[in-house]
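The lines below spell out each chain.
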Amino acid sequence: QVQLVESGGGLVQAGGSLRLSCAASGSIFSINAMGWYRQAPGKQRELVATITSGTSTNYADSVKGRFTIARDNAKNTVYLQMNSLKPEDTAVYYCAALLQSTVIPGVRNYWGQGTQVTVSS
């Protein structure tokens, strides 16, 4: 009943920028927080950035000063502005939302399908 759809991934050169977006839709009652995670081949999925409905943010040390997360609560959308990209940023980026649906009791974490970000050197 809930879907998260990411967009904006692609191939860029080192030092370039990308802007990812993720829109949540479906039977949503409220969203507590949204965020971005990434997973490179052979590695564990790791947190990139999160933002609460109150705009409190959290960033991985590796992206601080380069990435910015933002929300449009009216559209149930989260963005990730990625600047000064490095080859080590290459990964599949996943959108996540901590939310209460109108169907399933309790607050749950939902995931998008992922979008590929590749940074060439």
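Residues numbered from 1 in each chain as written. Predicted model: local features only at pLDDT ≥ 70, side-chain atom pairs only at ≥ 80, totals over all residues. Heavy atoms only, no water.

### Brief notes about the nonpolar core
Inference 1: Formed by 31 residues in total, the largest nonpolar core has its most connected members in Trp36, Leu80, Met82 and Tyr93.
Inference 2: Secondary-structure elements contributing two or more residues to this core are strand 1 (2-7), strand 3 (18-26), strand 4 (28-39), strand 5 (46-52), strand 7 (67-72), strand 8 (77-82), strand 9 (91-101) and strand 11 (115-120).
Inference 3: No other element matches the five residues that strand 9 contributes to this core.
Inference 4: With sequence-adjacent residues up to four places away left out, Tyr93 is seen in contact with Glu6, Leu20, Trp36, Tyr37, Arg38, Val48, Phe67, Leu80, Met82, Gly114, Thr115 and Val117. (Core = buried A, V, L, I, M, F, W, Y, C linked by side-chain atoms within 4.5 Å. Buried < 20%, exposed > 50% of the residue type's maximum accessible area, 1.4 Å probe, protein only. Helix = DSSP H or I, 4+ residues; strand = E, 2+ residues; numbered from the N terminus. Contact = heavy atoms within 4.5 Å.)

### Some thoughts on the sheet that holds strand 8
Inference 1: Spatial strand order, 1-3-8-7: four strands in an open sheet with antiparallel pairing. Looking at the sheet topology across the chains shown, the edges are occupied by strand 1 and strand 7. For this sheet, the mean angle separating the axes of adjacent strands, direction not counted, is 15 degrees.
Inference 2: When strand 1 meets strand 3, the two strands line up antiparallel, connected through six bridges. Paired with Val5 across the two strands is Ala23, which belongs to strand 3. (Pairing = 2+ DSSP bridges. Axes fitted to C-alpha atoms, helices over the stretch in contact; angles between N-to-C directions.)

### Some remarks on unusual backbone geometry
Inference 1: Of note, the phi angle at Thr55 is positive, near 75 degrees, even though the residue is not glycine.
Inference 2: When you line up the elements, Thr55 lands in the loop between strand 5 and strand 6 (57-59).
Inference 3: Not every positive phi belongs to a glycine, and Ser84 is a case in point at roughly 50 degrees.
Inference 4: Residue position: Ser84 is located in the loop between strand 8 and strand 9.
Inference 5: The class for Ser84 is partly exposed, based on a relative accessible area of 42%.

### Considering the state of the cysteines
Inference 1: In this structure the tally under the stated criterion is one disulfide.
Inference 2: Note on cysteine connectivity: Cys22 is disulfide-linked to Cys95, with sulfurs 2.0 Å apart. On the S-S bond that ties Cys22 to Cys95, the torsion sits near -80 degrees, and the link is left-handed. Taken together, the residues span a long stretch of sequence, with Cys22 in strand 3 and Cys95 in strand 9 at a distance of 73 residues. (Disulfide = S-S within 2.5 Å.)

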